[in-house]
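Single-letter residue listing:
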Amino acid sequence: MAEKILITPKSFKNYKEKAHRLLQERGYEIIENNLGRTMTEQEIIDAAQDNVVGIIIGIDPLPANVLEQCKSLRAISKYGVGMDNIDLKRAEELGILVKNAVGTNSISVAEHAIALMFASARNLPAIAAGVKSYGWDRTIGFELTNKKLGVIGGGQIGKEVAKRAVGIGMNVTIYDPFFKDLAFLEQYNVQRQEQLDEVLKESDIISLHLPATEDTKGLINAEALKRMKPTAILINTSRGELVDEAALYDALVNNQIAAAAQDVYSSEPPQQGDPLVALPNFILTPHIGAFTHEAVERMAMVSTENLIHMLDQKDDSK
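This text gives an overview of the structure that appears in the document. What you see is a predicted model; the values in this text were computed from it and never measured.

Rules and cut-offs
Residues numbered from 1 in each chain as written. Predicted model: local features only at pLDDT ≥ 70, side-chain atom pairs only at ≥ 80, totals over all residues. Heavy atoms only, no water. Phe/Tyr/Trp six-rings, centres within 6.5 Å; stacked < 30°, edge-to-face > 60°. Helix = DSSP H or I, 4+ residues; strand = E, 2+ residues; numbered from the N terminus. Buried < 20%, exposed > 50% of the residue type's maximum accessible area, 1.4 Å probe, protein only. Lys NZ or Arg CZ within 6 Å of the ring centre and 35° of its normal. Pairing = 2+ DSSP bridges. Contact = heavy atoms within 4.5 Å. Axes fitted to C-alpha atoms, helices over the stretch in contact; angles between N-to-C directions. 1 Å grid on protein atoms, 1.4 Å probe; cavity = no way out; pocket = protein on both sides within 12 Å on 5 of 7 lines; lining within 4 Å. Points joined across faces, edges and corners; volume = space filled by probe spheres on them. Nonpolar A, V, L, I, M, F, W, Y, C, P; charged D, E, K, R; others polar. Parallel < 35°, antiparallel > 145°, perpendicular 65-115°, else oblique. Left-handed = near helix turned anticlockwise from the far one by under 90°.

All right, on to the packing of aromatic side chains then. Per the counting criterion, the structure on display carries four aromatic pairs. Judged by centre distance (5.8 Å) and plane angle (50 degrees), the rings of Phe-12 and Tyr-79 are tilted. Here Phe-12 is found in the loop between strand 1 (4-7) and helix 1 (16-24), whereas its partner Tyr-79 is found in the loop between strand 4 (75-78) and helix 4 (88-93), with 67 residues between them in sequence. Take Phe-12 and Tyr-79: they sit in the same class, and that class is buried. For the pair Phe-184 and Tyr-188, a centre-to-centre distance of 4.9 Å together with 45 degrees between the ring planes defines the contact as tilted. Remark: Tyr-188 and Phe-184 occur in helix 8 (residues 182-188); sequence separation between them is four residues, near one turn of the helix. Through pairs of rings, three or more aromatic residues link up here, namely Phe-179, Phe-184 and Tyr-188. The ring of Phe-184 carries Lys-159 above its face, with NZ or CZ at 5.3 Å from the centroid.

Okay, here's the thing in structure tokens:
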């Protein structure tokens, strides 16, 4: 029986020709997610029962109970960077190799974060919608030049955001307890702050670039929002769990901060009638930060190459 590969990301099929060829040349049979949505735990278990040795995974869930029932699974390749949907500890215990596609989507996500900053600073969604209704109301905005940007999380995406923000004349500070790239700080004239509270208090815009972990979930809560300027904007292109959405709603309604823009949400898509989504000073895009032609092609090829490499490792160690 041929060994099989399960591919779950919906956008993978747009660039599957080269990637599929790499797998088929090695004799693997491919199972695609044709549901048009993220797969459930049970759907992954059902699909992976029949000799699936590798999975290319998007944001679909791979907790311990799923991994334990994928009896033939030897390797997981993340289509992207964030791996909080995978139980990495249990995967290691089961001898399943895991690797992410580092650097494939950092430019696209960084550009989207900058786009959300401009959109919020100039209230572009509401203004454009007004003109399409044949109105001509003008809302005054503000420039990003010379504003203080606090980048929370100094990984690849955070650094790409910092570089672009410096390029448009912003004053950038990174908060990340694990950040050690001093050469980057010097090259791009970026500051480093060791106290989160100081970044929250001093920044005109806060941009989040963190994984969702036990330490980071709810990082932006009611207390954090109280520390921000009343003119501040919050940007989140990382994970919805980083922000307490009820607290964000209160902060926006009570003018504790000026605006917020996210590409992620705690429940995607949000529930009908969600009060935060309805606010005029809140922008939500449908998790499209990495959804560009360039990033999708890079993710498809790198995640495929990573999977092949891990399966080869497993074969060599037999």
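Still more ground to cover, so stick around.
Attention now moves to the sheet that holds strand 12 (residues 282-284). One open sheet holds the seven strands; their spatial order is 8-7-6-9-10-11-12, and the pairing between them is parallel. Whereas interior strands pair on both sides, the edge strands pair on one side only; in this sheet they are strand 8 (191-192) and strand 12. In this structure, strand 7 (residues 171-175) lies alongside strand 8, joined through two bridges in parallel fashion. When the sheet's bridge partners are listed, Ile-174 is paired in strand 8 with Arg-192. On the sheet, helix 5 (residues 106-121) packs against strand 6 (148-152), strand 9 (205-208), strand 10 (233-236), strand 11 (259-262) and strand 12 and is oriented at approximately 150 degrees with respect to strand 10.

What follows covers the layout of surface pockets. Here the second largest pocket defines a volume of roughly 280 Å³. What lines the second largest pocket is a set of 20 residues, among which Ser-120, Asn-123, Ala-259, Pro-280 and Asn-281 lie closest to the centre. With three residues, the top contributor of residues to the lining of the second largest pocket is helix 5. Taken together, the residues of the lining of the second largest pocket break down into 14 nonpolar, five polar and one charged.

Attention shifts here to the packing of helix 5 against helix 7 (residues 156-167). Where helix 5 meets helix 7, the closest approach of the two axes is 8 Å, and the angle between their N-to-C directions is 50 degrees. Classified by the interaxial angle, the pair formed by helix 5 and helix 7 is oblique. Crossing hand, helix 5 versus helix 7: right-handed. Listed contacts from helix 7 to Ser-106, Ile-107, Val-109, Ala-110, Glu-111, Ala-113, Ile-114 and Met-117 of helix 5 are Gln-156, Ile-157, Glu-160, Val-161, Arg-164 and Ala-165.

Scanning the entire structure with this criterion turns up one cavity of 30 Å³ or more. Considered as a void within the structure, the largest cavity measures approximately 30 Å³ in volume. Looking at the largest cavity, the residues that line it are Ile-7, Pro-9, Phe-12, Lys-13, Glu-32 and Asn-33. Of the residues in the lining of the largest cavity, the class split is three nonpolar, one polar and two charged.

All right, on to the sheet that holds strand 4 then. With parallel pairing, the five strands of this open sheet are ordered in space as 2-1-3-4-5. At either margin of the open sheet sits one strand with a lone partner, and together these are strand 2 (29-32) and strand 5 (97-100). The mean inter-strand angle of the sheet, taken between neighbouring strand axes irrespective of direction, is 15 degrees. With four bridges joining them, strand 3 (residues 52-57) and strand 4 adopt parallel strand pairing. What sits directly across from Ile-55, in strand 4, is Ile-76. Along the sheet face, helix 2 (residues 41-48) touches strand 1, strand 2 and strand 3 and points at about 145 degrees away from the line of strand 3. Packed onto the sheet, helix 13 (residues 293-316) meets strand 1, strand 3, strand 4 and strand 5 and runs at close to 160 degrees relative to strand 4.

Shape descriptors only; they carry no functional weight alone.
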